[in-house]
Amino acid sequence: MSKYIEMKKEVQRIAVKSYNQGLVAGTSGNVSLYNSEEQVMAITATNLDYGVMTPEDVVIMSLDGNQFEGELKPSSEWLMHAEVYKQKPEVKAVIHTHSPRATSFAVVHERIPLVLVEMLPFIGGDIPLAKFALPATVELGLSAVEALKDRNACLLENHGVLAVGTTLEQAYLRAVYVEDAATIYHFARQVGHPKLVPHDAEETLKVRYNLK
């Protein structure tokens, strides 16, 4: 049995959970977990149906692209995941989704402003945009890293959502909150003009949640 079986199980569990939650469709999206001591990344395989995915299908590889375990190829976005881990050592888990409402804002190149107080503890504030970069490139990872300054999630222009955390469960929950915020903001725009969380309340909450 693989020495990384627990990492593989967690990646597979969260990948299937994100599919069942509607954060991804088909074979889109990808999930990874990084072990900084072993310097290995467990990541979902490319073009694999979530309905048949098993822990054994999860690829074990280095951040430089050396594949240690797995018969399938890693996600085509492994370079993006690797760059996040390289540039943000506090991050141990990454989830990339195509959740519909959040991605709709990424398509029109609009950030999601701070309209909910819950966005502060879960995301760190508003949901910024990462500038467009071609998929499956280091440049996409660098763009995401830039947008993730002081944030736990961002939108990828014309692409989707990226959420990070110290655990996969945390990254997953943040991805869920991105879609929730996008949905509420979308509905609010249908019925009126959304109002932002007041600035003084934002500053107070940042102190409360240790965001400064």
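Residues numbered from 1 in each chain as written. Predicted model: local features only at pLDDT ≥ 70, side-chain atom pairs only at ≥ 80, totals over all residues. Heavy atoms only, no water.

1. Remarks on the overall build of the chain
So, step 1. Within the chain one finds seven helices and eight strands.
So, step 2. Seen through its C-alpha atoms, the chain measures out along the principal axes to roughly 55 × 35 × 25 Å.
So, step 3. Relative to its 212 residues, the chain shows a buried fraction of 52%.
So, step 4. Summing over all exposed atoms, the chain offers an accessible surface of approximately 10,200 Å²; the carbon and sulfur share of this is 52%. (Helix = DSSP H or I, 4+ residues; strand = E, 2+ residues; numbered from the N terminus. Buried < 20%, exposed > 50% of the residue type's maximum accessible area, 1.4 Å probe, protein only. Areas by Shrake-Rupley, 256 points an atom, 1.4 Å probe, with all protein chains shown as cover.)

2. So, the side chain of Ser 143
So, step 1. Relative to the elements of secondary structure, Ser 143 occurs in helix H5 (residues 138–147).
So, step 2. One polar contact links the side chain of Ser 143 to the main-chain carbonyl oxygen of Lys 131, over a distance of 2.6 Å. (Polar contact = N/O pair within 3.5 Å; in protein donor to acceptor, adjacent residues only side chain to side chain.)

3. Section: the packing of aromatic side chains
So, step 1. Applying the stated criterion across every chain yields a total of four aromatic pairs.
So, step 2. Residues Tyr 19 and Tyr 50 carry aromatic rings whose centres are separated by 5.4 Å and whose planes lie at 15° to one another, so their mutual orientation is stacked. Separated by 31 residues along the polypeptide, Tyr 19 in helix H1 (residues 5–20) and Tyr 50 in the loop between strand E2 (40–43) and strand E3 (59–61) bring together distant segments of the chain.
So, step 3. Since its relative accessible area comes to 35%, Tyr 19 is described here as partly exposed. (Phe/Tyr/Trp six-rings, centres within 6.5 Å; stacked < 30°, edge-to-face > 60°.)

4. Considerations on the layout of surface pockets
So, step 1. Put simply, the largest pocket is a space of about 180 Å³.
So, step 2. For the largest pocket, the full set of lining residues is Lys 88, Glu 90, Val 91, Leu 148, Asp 150, Arg 151, Asn 152, Val 164, Gly 165, Thr 166, Gln 170 and Arg 174.
So, step 3. A class-by-class count of the residues in the lining of the largest pocket yields three nonpolar, four polar and five charged. (1 Å grid on protein atoms, 1.4 Å probe; cavity = no way out; pocket = protein on both sides within 12 Å on 5 of 7 lines; lining within 4 Å. Points joined across faces, edges and corners; volume = space filled by probe spheres on them. Nonpolar A, V, L, I, M, F, W, Y, C, P; charged D, E, K, R; others polar.)

5. Quick look at unusual backbone geometry
So, step 1. Residue Asn 47 is not a glycine yet carries a positive backbone phi of 55°.
So, step 2. Its place among the elements puts Asn 47 in the loop between E2 and E3.
So, step 3. Backbone geometry places Asn 210, a non-glycine residue, at a positive phi of 55°.
So, step 4. For Asn 210, the location among the structural elements is in the segment after helix H7 (199–208).
So, step 5. Residue Asn 210 is classed as exposed on the basis of its relative accessible area, which comes to 63%.

6. Here we look at the side chain of Glu 77
So, step 1. Position of Glu 77 among the secondary structure elements: in the loop between strand E4 (67–69) and helix H2 (78–87).
So, step 2. Although Glu 77 is buried, it forms no salt bridge, and the closest oppositely charged side chain is Lys 86 at an N-O distance of 14 Å.
So, step 3. If sequence neighbours within four positions are ignored, Glu 77 has contacts with Asn 30, Pro 135, Ala 136, Leu 140 and His 159. (Lys, Arg positive; Asp, Glu negative; His and termini not counted. Salt bridge = Lys/Arg side-chain N within 4 Å of Asp/Glu carboxyl O. Contact = heavy atoms within 4.5 Å.)

7. Notes on the UniProt feature "domain: Class II aldolase/adducin N-terminal" (unreviewed entry) in the chain
So, step 1. Residues annotated in UniProt with the feature "domain: Class II aldolase/adducin N-terminal" (unreviewed entry) correspond here to residues 9–186.
So, step 2. End C-alpha to end C-alpha, residues 9–186 measures 35 Å, and it is 36% helix and 19% strand. (UniProt positions renumbered as here; feature names shortened; annotations may be inferred.)

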